[in-house]
Amino acid sequence: MKVYMDHAATTPVDSRVVEAMEPYFSDKYGNPSSLYTAGLEAREAVEDARGRVARLLNGAPEGIIFTSGGTESNNLALKGVAFANRKKGRHIITTKIEHHAVLEPCEWLAKQGFEITYLPVDEHGLVKPESLEEALRDDTILVSIMHANNEIGTIEPIEELAGIVKDHGAYFHTDAVQTYGKIPVDVQKMNVDLLSLSSHKIYGPKGVGALYVRRGVRMDPLLHGGGHEFRKRSGTENVPGIVGLGKAAEIAEKEMDRDAKKLTRLRDRLIKGALAIENSRLNGHPEKRLPNNANFVFLFVEGESLILELDFYGIAANTGSACSSKTLEPSHVLSAIGLKPEETHGSLRLTLGRQNTKEEVDYVLEVLPKVVGRLRQISPFKTDFVMEE
Ligand SMILES: *Cc1c(COP(=O)(O)O)cnc(C)c1O
């Protein structure tokens, strides 16, 4: 059996999305900036997609800037706002559990003379509103807090956090790559000024995403050129990719609620079954979590070995985050929620998707105890410590 349970890393492209994209590679190849029919056709397709992407977050279509993905959207939000507002202040607030596509731009900005505060999180990965209130200063220009964490699935109280910042005058950005298209995302209700999303996490193609920017936000572009995307992101538009993202958003709008219900059921079945394995623990918030995310620690087990063993059984899973699993450093997210290095090593992330079935969950639950048991027999960690309750 082949089971893909790494949908937080990427998703298969929906066949309806592939079909929608197809004509824009071959027949309808016009440049959206050209004035003849082929160009106008491409322009229409891009604007149609913009409308669909905007509708799924309840924002104005003029606020959608198409980018090359979540990483670029986060870079544009952080660097673009930082440089456009540097006369007003140089202080930025973010959290310790952001994706590297937020943390790395922040580190780079620190080298350019900006000052970054990294908010802590509680044991479930939640940012405490009081800690944000305390961190805000007169020279704070931007706050960036992710909507849901890609590793542990915890959903942050963005509405409340952004509400605090609203009265203060700083801009609020959220990395919604793990939530857009999966759970309701509403920029009005959430009170956010900027929001990042990515196509390949919602059954769209890789290499395309968007940044929502509320009207009136001062933001410099990263890419200067022909003035595309409201002068905020120059470069000929990735028309097939944008069409694909638009289609993925359209499908998500119709199917999100039904998918979320199904995924929640499968997730809870998975969690219940996995926690029956002794010396195991769930990471992240027990309720405020993504419908498709399950993240565990299996003590005395080494995560990388677990992934390889599961792969042998045809199961694609992840330990920590895909971006950092090449380095053997413990996950910064698991460290931030208080796990010891020995514990972070035994982490397993299973993220479900549209195509997963109950039978697949049961297959994983059949394989997992066997594999964990075998790895523990040969574990060098076993005698080092015992689990604290
Ligand atoms: C995947 C991901 C990103 C990066 O998006 P890309 O489109 O792959 O660049 C950013 N933030 C979060 C939370 C993610 O899960």
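Here, every reference points to the structure presented above.
Model, not experiment: these values are computed from the prediction.

(A) Layout of the packing of aromatic side chains. Counted under the stated rule, the structure contains four aromatic pairs. Aromatic pair phenylalanine 83 and tryptophan 108: ring centres 6.2 Å apart, planes at 45°, arrangement tilted. With phenylalanine 83 in helix H3 (residues 70-84) and tryptophan 108 in helix H4 (residues 100-111), this pair connects stretches of sequence that are 25 residues apart. The class for phenylalanine 83 is partly exposed, based on a relative accessible area of 25%. Aromatic ring contacts, followed pair by pair, group Phe83, Trp108 and Phe114 into a single cluster.

(B) Structural detail: a positive patch on the surface. On the surface, a cluster of positive charge is contributed by Arg86, Lys87, Arg90 and Arg218. On the secondary structure map, lysine 87 appears in the loop between H3 and strand S3 (91-95).

(C) Local environment of the pairing of S3. Within S3, five of the five residues are buried, which leaves it mostly tucked inside the rest of the structure. Side chains His91, Ile93 and Thr95 project from S3 onto one buried face, and the interleaved Ile92 and Thr94 project onto a second face that is buried too. In this structure, S3 lies alongside strand S4 (residues 115-119), joined through five bridges in parallel fashion. Counted as the bridge partner of histidine 91 is glutamate 115 from S4. Considered for its hand, the β-α-β crossover made up of S3, H4 and S4 is right-handed. When S3 meets strand S5 (residues 140-144), the two strands line up parallel, connected through three bridges. Paired with isoleucine 93 across the two strands is valine 143, which belongs to S5.

(D) Spatial organisation of the site of the ligand. In the vicinity of the ligand lie 13 residues, with Thr71, Asp175, Gln178, Ser198 and Lys201 positioned nearest. Here threonine 71 contributes a side-chain N or O atom positioned 2.6 Å from an oxygen atom of the ligand. A distance of 2.7 Å separates an oxygen atom of the ligand from a polar side-chain atom of glutamine 178. About the coverage of the ligand: the protein hides 88% of its 380 Å² of free accessible area. In terms of residue count, the dominant contributor to the shell around the ligand is H3 (three residues).

(E) Structural view of the packing of helix H9 (residues 239-274) against helix H13 (residues 358-377). As a packed pair, H9 and H13 sit with axes 10 Å apart at the nearest point and diverge in direction by 15°. On the basis of their axis angle, the class for H9 and H13 is roughly parallel. As for how H9 packs across H13, the hand of that crossing is right-handed. In this structure, H9 uses Leu266, Arg269, Leu270, Gly273 and Ala274 to contact H13, whose residues at the interface are Lys358, Val361, Asp362, Val364, Leu365 and Leu368. Each residue belonging to the contact of H9 with H13 can be placed in one class, and the counts come to seven nonpolar, one polar and three charged.

Procedures and definitions
- Residues numbered from 1 in each chain as written.
- Predicted model: local features only at pLDDT ≥ 70, side-chain atom pairs only at ≥ 80, totals over all residues.
- Heavy atoms only, no water.
- Phe/Tyr/Trp six-rings, centres within 6.5 Å; stacked < 30°, edge-to-face > 60°.
- Helix = DSSP H or I, 4+ residues; strand = E, 2+ residues; numbered from the N terminus.
- Buried < 20%, exposed > 50% of the residue type's maximum accessible area, 1.4 Å probe, protein only.
- Patch = residues over 30% accessible without salt bridge, like charges linked within 9 Å, V, L, I, M, F, W, Y side chains within 5 Å.
- Areas by Shrake-Rupley, 256 points an atom, 1.4 Å probe, with all protein chains shown as cover.
- Salt bridge = Lys/Arg side-chain N within 4 Å of Asp/Glu carboxyl O.
- Lys, Arg positive; Asp, Glu negative; His and termini not counted.
- Charge placed at Lys NZ, Arg CZ, Asp CG, Glu CD.
- Pairing = 2+ DSSP bridges.
- Right-handed = clockwise from strand over helix to strand, strands pointing away.
- Near = heavy atom within 4 Å.
- Polar contact = N/O pair within 3.5 Å; in protein donor to acceptor, adjacent residues only side chain to side chain.
- Axes fitted to C-alpha atoms, helices over the stretch in contact; angles between N-to-C directions.
- Parallel < 35°, antiparallel > 145°, perpendicular 65-115°, else oblique.
- Left-handed = near helix turned anticlockwise from the far one by under 90°.
- Contact = heavy atoms within 4.5 Å.
- Nonpolar A, V, L, I, M, F, W, Y, C, P; charged D, E, K, R; others polar.

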